[in-house]
Amino acid sequence: MRLPAVLHVLSLVLLLFAASMLVPLAFSLVLADGAYAAYAKALGATLLAGGALWLATLRAGRELQVRDGFLLVALVWTVLPAFATLPLLLQLRELSITDAYFEAVSGLTASGATVLSGLDRLPPSLNIWRGFMIWLGGMGVIVLAVAILPLLGVGGSQLFKAETPTPMKDTKLTPRIAETAKGLWLVYFGLTAACLLAYRWAGMSWLDAAMHAFTTLGLGGFSTHDASYAHWNSPKIEAVAIVFMLLAAINFATHFLAWHRRSLRVYRVDPEAKVFLGVVGASVLGIAAYLAWQGTYPDYGTALRYAAFNVVSVATTTGYANTDYNLWPIFAPLWMLFLCSFASCSGSTGSGMKMIRALILFKQIFRELLRIIHPRVYNPVKLAGQPVENNVVFAVLAYVFVYVSCIIAFTLLLALSGADVVTAFSAAVASMNNTGPGLAQVGPATTYAGLNDFQTWVCSFAMLLGRLELFTLLVVLTPAFWRK
Amino acid sequence: MNRVPVRLAAGPLPELPAGWVTLRPRACPCCAGRVELQIELARLVREQKPRGVLIEVPDAGHLPALRRSLAEWPLAQYLRVEPAD
């Protein structure tokens, strides 16, 4: 373990994060919403802390080992939210540290669960800061998934690697992590700009368009309005959101290759994208039919509009709502929560166990069934025609087991501390999958403010755990990790 | 979503048409208990599918704020307050 080297890299990340506060500061000055002092103080404090850490670790080595990578990732996602709380705490004096940390974790993990209400009356720059946190979190997540996790080998994430020899990833994106990151960020930036213009075209103000472009590409559901997308009641705006949520939930490496080769063929051969679009599309049509049949909406067209927006929003782990789907017959929101557990593709800004793991799990089930019938047959799990190594399959199985165990544990902890069973289960699922809204007390029309402090910390931890693909954070918490 | 009619009462309960249910909020429905009311109403509408809801409050002082809550998102999306007689 090279703690000083890890802290040195962390100091650089902190300094960059301090610079990111210039964005809401600039918005505040231009809009004259009176909140600039909060960002200036927060920026100063973050700069000071980052600078002090940088100076203190200046003589540390620069080389990081794999084990250091785990600690660095865990530290970045736990320390950054602490500094991200500063503008919130300085501007909203009544906000507790627990709630502010929850809001910041929710932002930087691109979850979109909120404890704030009265969003329409917040200083506009504060909403921009909330949205920008999600966008930054999304940037971090893309690099984490495509470049860092595969190196660490977390839960079968070798499969996420851009260099994996599958048809859709048959060439190295670029030879180095930094180059890979630049390529993916370019796509991320381009899609964000396109989303902003599309929202503006559909009728949002520039400010709303910017905030929602950040949160759409980051797949976190923060909005500038308490009523989320119901504020506009515009099918045009909802259609734009659906398109960009779907794009953001597909592997950014696939987008990069499509752009690089000027070809849409890469989407056809990406094993995840096809299944993702198929499962989400079928769910939208199915839930719309179910809602129309149940009489929730008077006709199939209206049911389709609401089902399309809310199912895509939850399945991609975004968390916007254009209606209180808490009111739908319980099967529909439960199916949506089930979808958010696995639908998003690896290398996207979505969360959950990821489609690639679900595919391997599904294929492993059939492999086992076939093995029972034909014990001697050689039948490897294949993905896009390529056999998947057994150790990767075992890593995926272990990941899914830990994932389910964590959801059970968080549900029990929330229930133990007084939440009703629907709230406890849905909050655990929505937090672990970085979706945002759950059901009942934490439904799309309410906030997480009704949870007590203990429950809020549980949800914050669940969001971090889910975002860091479980093992990255869990391994740091084991005594063996710290032994020499 | 089909909007369910709502009546508000703070005194003697009026006679209700068939299929209507009465909701007595546990906390003050216009301030601290607003979220709780929201959740109770959502659950009631989803599970019981009533033809209408009568919300009974302990005193008439709550009525104006309650009326405002019911006219805002998300309650306004699926509830329609009937004008007072």
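Residues numbered from 1 in each chain as written. Chains lettered and ligands numbered in written order. Predicted model: local features only at pLDDT ≥ 70, side-chain atom pairs only at ≥ 80, totals over all residues. Heavy atoms only, no water.

### Things to note about the overall build of chain A
1) Next: Scanning chain A from N- to C-terminus turns up 20 helices and two strands.
2) Next: For chain A, whose C-alpha radius of gyration is 22 Å, the value lies close to the compact-globule estimate of 23 Å for 484 residues.
3) Next: Taking the principal axes of the C-alpha coordinates as reference, chain A spans close to 70 × 65 × 50 Å.
4) Next: Relative to its full complement of 484 residues, chain A shows a buried share of 60%.
5) Next: For chain A, the accessible surface area stands at approximately 18800 Å², while carbon and sulfur atoms represent 69% of it.
6) Next: Averaging the positions of the 31 positive and the 22 negative side-chain charges in chain A gives two centres separated by 12 Å. (Helix = DSSP H or I, 4+ residues; strand = E, 2+ residues; numbered from the N terminus. Rg over C-alpha atoms; globule rule 2.2 N^0.38 Å. Buried < 20%, exposed > 50% of the residue type's maximum accessible area, 1.4 Å probe, protein only. Areas by Shrake-Rupley, 256 points an atom, 1.4 Å probe, with all protein chains shown as cover. Lys, Arg positive; Asp, Glu negative; His and termini not counted. Charge placed at Lys NZ, Arg CZ, Asp CG, Glu CD.)

### Here's the deal with the interface of chain B and chain A
By a widely used convention, the size of an interface equals the accessible area lost when the partners come together.
1) Next: If you look at the interface, chain B gives 14 residues, while chain A gives 22 residues.
2) Next: Each partner contributes to the roughly 1500 Å² buried at the junction of chain B and chain A, and carbon and sulfur atoms together form 63% of this total.
3) Next: When the buried surface of chain B facing chain A is broken down by residue, Met1, Arg46 and Trp73 of chain B rank first, second and third, together holding 49% of it.
4) Next: Linking chain B to chain A there are five residue pairs in polar contact (both at pLDDT 80 or more).
5) Next: The set of elements that each furnish at least two residues to the side of chain B that touches chain A consists of α1 (34-48) and α3 (75-78) of chain B.
6) Next: The biggest single contributor to the side of chain B that touches chain A is α1 of chain B, with seven residues.
7) Next: Along the lines of polarity and charge, the residues of the side of chain B that touches chain A split into eight nonpolar, three polar and three charged. (Contact = heavy atoms within 4.5 Å. Buried area = accessible area lost by both parts, 1.4 Å probe. Polar contact = N/O pair within 3.5 Å; in protein donor to acceptor, adjacent residues only side chain to side chain. Nonpolar A, V, L, I, M, F, W, Y, C, P; charged D, E, K, R; others polar.)

### A few points about the side chain of Ser283 of chain A
All names here are of chain A.
1) Next: Looking at where Ser283 falls in the secondary structure, it is placed in helix α12 (residues 271-294).
2) Next: By relative accessible area, which is 6% here, Ser283 ends up buried.
3) Next: If sequence neighbours within four positions are ignored, Ser283 has contacts with Val311, Trp335 and Leu339.

### Remarks on unusual backbone geometry
1) Next: Following Trp73 of chain B, the chain continues to Pro74 of chain B via a peptide bond in cis, the omega torsion being 5°.
2) Next: Within the fold, Pro74 of chain B resides in the loop between α2 (63-70) and α3.
3) Next: Positive phi, close to 55°, is recorded for Ala110 of chain A, a residue that is not glycine.
4) Next: The residue Ala110 of chain A is located in the loop between α5 (97-108) and α6 (124-152) in this model.
5) Next: According to the relative accessible area criterion, Ala110 of chain A is buried, its value standing at 0%.
6) Next: In the Ramachandran plot, Leu470 of chain A falls in the positive-phi region, its phi being about 55° despite a non-glycine side chain.
7) Next: When you line up the elements, Leu470 of chain A lands in the loop between α18 (453-467) and α19 (471-476).
8) Next: Owing to a relative accessible area of 0%, Leu470 of chain A belongs among the buried residues under this scheme.

### Here's the deal with the side chain of Gln364 of chain A
Residue and element names in this part refer to chain A.
1) Next: You can see Gln364 is positioned in helix α15 (residues 355-373).
2) Next: A residue is classified by how much of its surface remains accessible, and Gln364, at 9% relative accessible area, is buried.
3) Next: For Gln364, the contacting residues outside a window of four places in its chain are Val381, Val393 and Leu397.

### Structural notes on the nonpolar core
1) Next: Residues Tyr199 and Tyr448 of chain A are the most contacted members of the largest nonpolar core, which totals 149 residues.
2) Next: The biggest single contributor to this core is α6 of chain A, with 13 residues.
3) Next: With residues near it in sequence (within four places) discarded, Tyr448 of chain A still touches Phe102, Ala113, Thr114, Val115, Ala427, Ala430, Ser431, Gly436, Pro437, Gly438, Val442 and Cys459 of chain A.
4) Next: The next biggest cluster of nonpolar side chains, apart from the first, holds 20 residues, and it includes Val21, Ala42, Val45 and Leu66 of chain B. (Core = buried A, V, L, I, M, F, W, Y, C linked by side-chain atoms within 4.5 Å.)

### Some remarks on the sheet that holds strand β4 (residues 79-81) of chain B
Residues and elements named next belong to chain B.
1) Next: Taken together, the four strands give an open sheet; going across it, the order is β2-β3-β1-β4, and neighbouring strands pair in parallel fashion. Of all strands in the sheet, those bounded by a partner on one side alone are β2 (20-23) and β4. Within this sheet the neighbouring strands show an average axis-to-axis angle of 30°, counted without direction.
2) Next: The sheet contact formed by β2 and strand β3 (residues 52-56) spans four bridges and is parallel. Following the sheet pairing, Leu23 is matched in β3 by Ile55.
3) Next: Most of the contacts of α1 go to β2, to which it runs at about 155°, and overall it touches β1 (4-9), β2, β3 and β4. (Pairing = 2+ DSSP bridges. Axes fitted to C-alpha atoms, helices over the stretch in contact; angles between N-to-C directions.)

### Some words on the environment of Pro437 of chain A
Residue and element names in this part refer to chain A.
1) Next: Among the structural elements, Pro437 can be located in the loop between α17 (421-432) and α18.
2) Next: Separated by eleven residues in the primary sequence, Pro437 and Tyr448 place their C-alpha atoms 8.3 Å from one another.
3) Next: If we ignore the near neighbours within four places in the chain, the residues touching Pro437 are Gly319, Tyr325, Ala430, Val442, Gly443, Pro444 and Tyr448.

### Some remarks on the layout of surface pockets
Residues and elements named next belong to chain A.
1) Next: Approximately 1300 Å³ is the volume found for the largest pocket.
2) Next: Taken together, the elements giving at least two residues each to the lining of the largest pocket come down to α1 (3-20), α4 (66-91), α6 and α7 (177-202).
3) Next: In terms of residue count, α6 provides more of the lining of the largest pocket than any other element does, eleven residues in total.
4) Next: Partitioning the lining of the largest pocket into residue classes produces 27 nonpolar, five polar and one charged. (1 Å grid on protein atoms, 1.4 Å probe; cavity = no way out; pocket = protein on both sides within 12 Å on 5 of 7 lines; lining within 4 Å. Points joined across faces, edges and corners; volume = space filled by probe spheres on them.)

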